[in-house]
Amino acid sequence: MDLHARLQTLRKRAVQTARLCCGVPDYEVYVRHLREHHPERKVPSYAEFFRERQEARYKGGGGRCC
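Residues numbered from 1 in each chain as written. Predicted model: local features only at pLDDT ≥ 70, side-chain atom pairs only at ≥ 80, totals over all residues. Heavy atoms only, no water.

If you look the chain up in an unreviewed UniProt entry, it shows as YbdD/YjiX family protein from Rhodanobacter geophilus.

Have a look at this one:
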C-alpha cells in the first residue's frame, strides 16, 4: 500500500471516529445494515440519514432499529 492510500485510510478512520464520538453513525455502515437486514426499506440519502440521526439524538426518539 502506498503512502497516499495509507493516508486516505487514516483520514477515513479518523472521520469515522470523530462522527461516532459526536453520536453520528457511519452512513456506509448504516446503508449496509439496511440492505442486509431490512431490504424492504428505502435507503435514505445522506442528508435524510443525518437529519434522522440528529432528531433521534436530540428528541429522545431512540436511535436503534434492532
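Asks: So what's going on with the layout of surface pockets? Which residues, and what values?
Replies: What the second largest pocket holds in volume is close to 150 Å³. Around the second largest pocket, the lining residues are Arg11, Lys12, Val15, Gln16, Arg19, Asp26, Tyr27, Glu28 and Tyr46. Counting residues per element, the lining of the second largest pocket draws most heavily on helix α1 (residues 3–21), at five residues. (1 Å grid on protein atoms, 1.4 Å probe; cavity = no way out; pocket = protein on both sides within 12 Å on 5 of 7 lines; lining within 4 Å. Points joined across faces, edges and corners; volume = space filled by probe spheres on them. Helix = DSSP H or I, 4+ residues; strand = E, 2+ residues; numbered from the N terminus.)

Asks: Hey, could you go over the packing of aromatic side chains for me, with residue numbers and the actual values?
Replies: Following the criterion strictly, the structure yields five aromatic pairs and no others. Taken together, a centroid distance of 5.4 Å and an interplanar angle of 80° make the contact between Tyr27 and Tyr46 edge-to-face. With Tyr27 in helix α2 (residues 27–37) and Tyr46 in helix α3 (residues 46–58), this pair connects stretches of sequence that are 19 residues apart. Since its relative accessible area comes to 35%, Tyr46 is described here as partly exposed. Following the ring pairs from residue to residue traces out a cluster consisting of Tyr27, Tyr30, Tyr46, Phe49 and Phe50. (Phe/Tyr/Trp six-rings, centres within 6.5 Å; stacked < 30°, edge-to-face > 60°. Buried < 20%, exposed > 50% of the residue type's maximum accessible area, 1.4 Å probe, protein only.)

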